[in-house]
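# Structural overview
Listed below, chain by chain, are the residues.
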Amino acid sequence: MAPGLAAARPPMLVVYADGLVVAGAAHELRLPPAEVGALVKALERDLAGQPATATPRPGTPTVYDAPATVLGVDSGAGMREVYVPFLDLATDDYAAGLVEARDRLSRLADRATAQGRNYSTDRVRLSADQVTAPATTARPLPEGVPLPPETQAHSGRKDYKGNKAHTIARLIPRDGSWHVYRTSTGEHIALSWRYLLPHE
């Protein structure tokens, strides 16, 4: 549903200087300072010498429409990011450091999901997409749920906080799927939302 919108998809993992780890905007874990420091040093080593956009070894077939991976680390001098196209589909064709950084962060994300607690805040991002041919009968839009204004043709997103955020979180399922509702004017709208991260 709503294949054109990836607005509700959060970063796989974010680690903050105070040790807060948030995986998928859904689970959180707290790391001790020594572990944060070791992670930063390891990521700096993994990304050393890499350009802003990495390229696979010559002769690697290009994979179109595949998700890219963005790896980043900030040791205090500003964020350094490396954009890696279709890394998950061509791990043997990229520098070993990029693969190690991806694996290092993936392991931490899995750990936060398995051992951490549910992440929540009073700030959410709601994404909407107009559905022209819904496959199932849509339920009425719950009363009190706001609709974000269109930011592009037939779709939009908006950040909400406080009471509106709590209403969205209470009335719209948060399971990574899009849920179709019927508005009072008869339109069919697909909605998806996630909690905002501290830096957003």
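Before reading on, note that the structure itself is shown above.
The model shown is predicted, which means the values in this text are computed figures rather than measured ones. (Residues numbered from 1 in each chain as written. Predicted model: local features only at pLDDT ≥ 70, side-chain atom pairs only at ≥ 80, totals over all residues. Heavy atoms only, no water.)

Taking burial as the measure, the 8 residues of strand E11 (residues 188–195) include 7 buried ones, the bulk of the element. Pairing between strand E7 (residues 123–131) and E11: 8 bridges, direction antiparallel. Within E11, the position partnered with arginine 125 by the bridge is arginine 194. Bridge count between strand E10 (residues 179–182) and E11: 4 bridges; the pairing is antiparallel. Across the sheet, the residue bridging to tyrosine 181 is isoleucine 189, located in E11. Between E10 and E11, which pair antiparallel and follow one another directly, the connecting turn spans 5 residues, one of which, glycine 186, has a positive phi of 95 degrees. (Buried < 20%, exposed > 50% of the residue type's maximum accessible area, 1.4 Å probe, protein only. Helix = DSSP H or I, 4+ residues; strand = E, 2+ residues; numbered from the N terminus. Pairing = 2+ DSSP bridges.)

Core analysis: the biggest nonpolar cluster contains 25 residues, and Leu13, Val21, Leu47, Leu71, Val84, Tyr94 and Leu98 have the highest contact counts within it. Breaking this core down by element, the ones donating at least two residues are strand E2 (20–23), helix H1 (33–47), strand E4 (69–74), strand E5 (79–84) and helix H2 (96–115). Ranked by residues supplied to this core, first place goes to H2 with 7 residues. In contact with tyrosine 94, other than residues within four places in its own chain, are Ala54, Thr55, Pro56, Val84, Pro85, Phe86, Leu87 and Val99. Core analysis: the next-biggest nonpolar cluster, separate from the first, contains 20 residues, Leu20, Ala25, Val124 and Tyr160 among them. (Core = buried A, V, L, I, M, F, W, Y, C linked by side-chain atoms within 4.5 Å. Contact = heavy atoms within 4.5 Å.)

This part covers the sheet that holds E11. Taken in spatial order, the 5 strands of this open sheet run E8-E10-E11-E7-E9, and their pairing is mixed. The open sheet has two edge strands, strand E8 (139–140) and strand E9 (155–161), and neither has a second partner. Helix H3 (residues 163–171) contacts E7, E9, E10 and E11 of the sheet and is inclined by roughly 115 degrees relative to E9. (Axes fitted to C-alpha atoms, helices over the stretch in contact; angles between N-to-C directions.)

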